[in-house]
Amino acid sequence: MTGDPRRSLPAVERVLQALRNESDLPAALVTDAARTAVEEARRLVEQGVAVSNDDVVASARRHLERRQTAQLRPVVNATGVLLHTNLGRAPIGADALRAAAGIGSGYSNLEYRLDRGARGSRHDHAGSLLAQATGAEAGLVVNNNAAAVLLTLAALARSRDVVVSRGELVEIGGGFRVPEIIRESGCRLVEVGTTNRTRVADYERALGNDTAILLKVHASNYRMIGFTEEATIDQLARVGPPVVLDAGSGLLDETTPWLDHRPAWLSGEPGIRQAVAAGAALVTFSGDKLLGGPQAGVVVGRRELVERVSRHPLARALRADKLTLAAMQSVALSYLSGDAAAIPLWRMATTPVDDLRRRAERLAARIPDAKVVDTDAAAGGGSLPGLVIPSAGVAIETAAVDVMLQALRDRGVVARAHAGAVVCDLRTVEAHDDDVLTRALLDACKPCT
Ligand SMILES: *Cc1c(COP(=O)(O)O)cnc(C)c1O
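Just so you know, these numbers come straight off a predicted model, no measurement behind them.

(A) Local environment of the domain arrangement of the protein. Along its sequence, the protein is carved into domain 1 (11–70), domain 2 (76–88 + 347–448) and domain 3 (94–341). Put simply, the middle of domain 2 and the middle of domain 3, counted by C-alpha atoms, are 33 Å apart. Every contact between the two is made by 13 residues of domain 2 and, on the other side, 13 residues of domain 3. Across the domain 2-domain 3 interface, the total number found is 0 salt bridges. Where the side of domain 2 that touches domain 3 is concerned, the elements lending two or more residues are α14 (344–350) and β15 (389–397). The biggest single contributor to the side of domain 2 that touches domain 3 is α14, with 3 residues. Each residue belonging to the side of domain 2 that touches domain 3 can be placed in one class, and the counts come to 8 nonpolar, 4 polar and 1 charged.

(B) Representation of the packing of helix α4 (residues 94–104) against helix α13 (residues 322–336) in the model. Here α4 crosses α13 at 140 degrees, and the two axes come no closer than 8 Å. Comparing the axis directions of α4 and α13 gives the class oblique. Between α4 and α13 the crossing geometry is right-handed. Judged by residue contacts, D95, A96, A99, A100, I103 and G104 of α4 engage K322, L323, A326, A327, S330 and V331 from α13. Each residue belonging to the contact of α4 with α13 can be placed in one class, and the counts come to 8 nonpolar, 2 polar and 2 charged.

(C) Here's a closer look at the site of the ligand. Looking at the ligand, there are 14 residues lining it, with R89, N145, A146, D246 and K289 nearest. A146 is positioned such that a nitrogen or oxygen atom in its backbone is 2.8 Å from an oxygen atom of the ligand. Side-chain polar atom of D246 to a nitrogen atom of the ligand: 2.6 Å apart, as the coordinates give it. Contact with the protein chains covers 94% of the free accessible surface of the ligand, which is 380 Å².

(D) Up close: the sheet that holds strand β14 (residues 370–380). The mixed open sheet is built from 5 strands, whose spatial order is β2-β14-β15-β18-β17. Sheet topology places β2 (81–83) and β17 (416–418) at the edges, where each strand pairs with a single neighbour. Taking the axes of each pair of neighbouring strands and ignoring which way they run, one obtains an average angle of 40 degrees across the sheet. Pairing of β15 with strand β18 (residues 421–425), which is carried by 5 bridges, proceeds in the antiparallel orientation. Among the inter-strand pairings, A395 is bridged to a residue of β18, identified as V423. Contacting β14 and β15, helix α15 (residues 353–366) crosses the sheet at an angle of about 10 degrees to β15.

(E) Up close: the packing of helix α6 (residues 145–157) against helix α11 (residues 303–311). Contact geometry for α6 and α11: axes closest at 9 Å, N-to-C directions at 105 degrees. Taken together, the axis directions place α6 and α11 in an arrangement best described as roughly perpendicular. Within the contact between the two elements, α6 uses L151, T152, A155 and L156 and α11 uses L305, R308 and V309. Looking at the contact of α6 with α11 residue by residue, the class counts come to 5 nonpolar, 1 polar and 1 charged.

What counts and how
Residues numbered from 1 in each chain as written. Predicted model: local features only at pLDDT ≥ 70, side-chain atom pairs only at ≥ 80, totals over all residues. Heavy atoms only, no water. Domains from an automatic or database assignment. Contact = heavy atoms within 4.5 Å. Salt bridge = Lys/Arg side-chain N within 4 Å of Asp/Glu carboxyl O. Helix = DSSP H or I, 4+ residues; strand = E, 2+ residues; numbered from the N terminus. Nonpolar A, V, L, I, M, F, W, Y, C, P; charged D, E, K, R; others polar. Axes fitted to C-alpha atoms, helices over the stretch in contact; angles between N-to-C directions. Parallel < 35°, antiparallel > 145°, perpendicular 65-115°, else oblique. Left-handed = near helix turned anticlockwise from the far one by under 90°. Near = heavy atom within 4 Å. Polar contact = N/O pair within 3.5 Å; in protein donor to acceptor, adjacent residues only side chain to side chain. Areas by Shrake-Rupley, 256 points an atom, 1.4 Å probe, with all protein chains shown as cover. Pairing = 2+ DSSP bridges.

Quick look at the structure:
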């Protein structure tokens, strides 16, 4: 008699004991992993598979590790994509984080007028500074740019007509499709022109009693070349209805007063300040893609319209919280004082290639088989399609590119594959992470060579 083999399986308690002191995770999660491992072992035994105590402990350990790596945690972005959508877009600067900590850890005048002892508005801070930075009358900050567009459309054009060029009915990514957002805001889409050419006359012909706004969308993630034509904002501003521009990404100001030298790859990006000056009634853009700040959406423009947007019932559901508003206020102040160094996006974007190459040489000297390579970094986040930012990094040729990329990811480093090599682009790696990157590369190389 050997008895029921399931009875020889360790109890959850015994697995827990074996795992004690192995994980920083809360006890409830460790128990969860142990219980899952024991249940899986029981099923295997029922199918006649032999399972040892050590197998069960090892399986529980794997569950725990998976739990651990699935947690939100920092990674080293060695992809060279500055606004990497899956890696949190823009890193937030130390000043902005300090501001968020300072406001978040206590009480603040978020919606309180200290000069009157009366209720105030959460748009009096970051919103008004961003208006100042763009030459607009007023501004407000919401959860993200998708929210800014949804809210603007709902507030200005619900149950009425929104006129858009067929060339601008785009999908931005992550499910943001212009025709759908217009429908979801309760507006009627009126398409004008053609995919490649739309003229002012096309908008004029579409005007009716129900026309609420002319919407222009910055099709930032793709580019049309050849036989193309579009109406400019100043042309549209003369047509009549308010012109709303969804800029998304681009530049706060085309003249980039916060940069000493404007890099060549930036030319051609539209500026919010210029759109306001050209007569846009409202402009929406992204706090992270365009400003290098926290996830947020910004609406700037005519005071009366910004107020209508902020009074709409949806504004309550889409508003930014105090941490975001504190960080955005700090970011706006940095732009107003021309301090690009405070904004990691600009610091990284404008680092001279020679600096990156020198760091790459130091890295390559410490890693067997690594060599210094010139690379093409990119803005990402659906901006500047096809444009490359000259960059440098290290490449390690290996027959097992995918294995090595996974080994790097296990160590919190996201790199990319290129021509039979693993490439780490240093434009998106902070210099203080070079040691972390070196150690990860040394560890990850071992099984590959
Ligand atoms: C990115 C983008 C959006 C969406 O903005 P989120 O901040 O991602 O919500 C909308 N419109 C345009 C033109 C964009 O570039």
